[in-house]
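Letter by letter, the chains look like this.
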Amino acid sequence: ERAARPTRKGELSEETGGRREGATAESCLLVDEPSGCGQVAPVSRFLFGAFGTRGDVQPMAALSQALTARGHSVRGAVPPSSLAFAQKLGLDCFAFGLDYEEVSRRTAQGSFREVLATMPLVRDEVTRQLEAMEDFAASADVIVGSSAFTIGAVLSDTLARPYVFIAFCPQM
């Protein structure tokens, strides 16, 4: 077997050199390591939680499409207001949680008292996310979250699954 070749940052390749023991060429993809040297990893099942407004969902949808194109299995949870958008992109996802666009409107246009009134909604959301996502997370190899996906670390600890939190920040 030949060694895995170095890759450029962000590059994925279907080369199979240096694959892990027990992995087949068909079930592996070359992934980046922080050192810049590629290592082959088996195809994974991802669960993503993209709770928030469309600005939170759209980057996760792009990530999901890229992972799917590379042969991974991806399932996602999105707010009800983003379900049609995500499904139009061909994503395997389900609607769950608050309408974050409405919560954002209420807090942006409301008084401080109205902002405080949203806090119980958010607190209850944590419990609902945990109850709804635990079974899906149990069948995933990797849990990925962003924005208001508050339970990723809890699921990771409970189920012994890796958790990746992705923070989106526009350049200033």
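None of the values given here were measured: they were computed from a predicted structure.

Asks: Could you clarify how one ought to interpret the sheet that holds strand β7 (residues 163-166) in this entry?
Replies: Within a sheet, adjacent strands bond to each other through the backbone by hydrogen bonds, running parallel or antiparallel. Read across the open sheet, the five strands follow the order β5-β4-β3-β6-β7; overall the sheet is parallel. Lying at the two open borders of the sheet, with one neighbouring strand each, are β5 (93-95) and β7. Recorded for the sheet is a direction-independent mean angle of 15° between the axes of neighbouring strands. The sheet contact formed by strand β3 (residues 45-51) and strand β4 (residues 73-78) spans five bridges and is parallel. Each residue of the ladder has a partner; that of Arg45, found in β4, is Ser73.

Asks: It is not clear to me how the pattern of salt bridges should be interpreted in this structure. Could you clarify?
Replies: In a structure, side chains of opposite charge can pair up when their charged atoms sit close to one another. The tally for this structure, following the rule as stated, stands at two salt bridges. With its nearest N and O atoms 2.9 Å apart, the salt bridge here joins Asp141 to Arg45. Separated by 96 residues along the polypeptide, Asp141 in the loop between α5 (119-138) and β6 (142-147) and Arg45 in strand β3 bring together distant segments of the chain. Overall, Asp141 belongs to the partly exposed group, its relative accessible area being 28%. Residue Arg45 is classed as partly exposed on the basis of its relative accessible area, which comes to 42%. A salt bridge links Arg75 to Asp92, with the nearest nitrogen and oxygen atoms 3.2 Å apart. With Arg75 in strand β4 and Asp92 in the loop between α2 (83-88) and β5, this pair connects stretches of sequence that are 17 residues apart. Judged by its relative accessible area of 43%, Asp92 is partly exposed.

So, how was this worked out
- Residues numbered from 1 in each chain as written.
- Predicted model: local features only at pLDDT ≥ 70, side-chain atom pairs only at ≥ 80, totals over all residues.
- Heavy atoms only, no water.
- Pairing = 2+ DSSP bridges.
- Helix = DSSP H or I, 4+ residues; strand = E, 2+ residues; numbered from the N terminus.
- Axes fitted to C-alpha atoms, helices over the stretch in contact; angles between N-to-C directions.
- Salt bridge = Lys/Arg side-chain N within 4 Å of Asp/Glu carboxyl O.
- Buried < 20%, exposed > 50% of the residue type's maximum accessible area, 1.4 Å probe, protein only.

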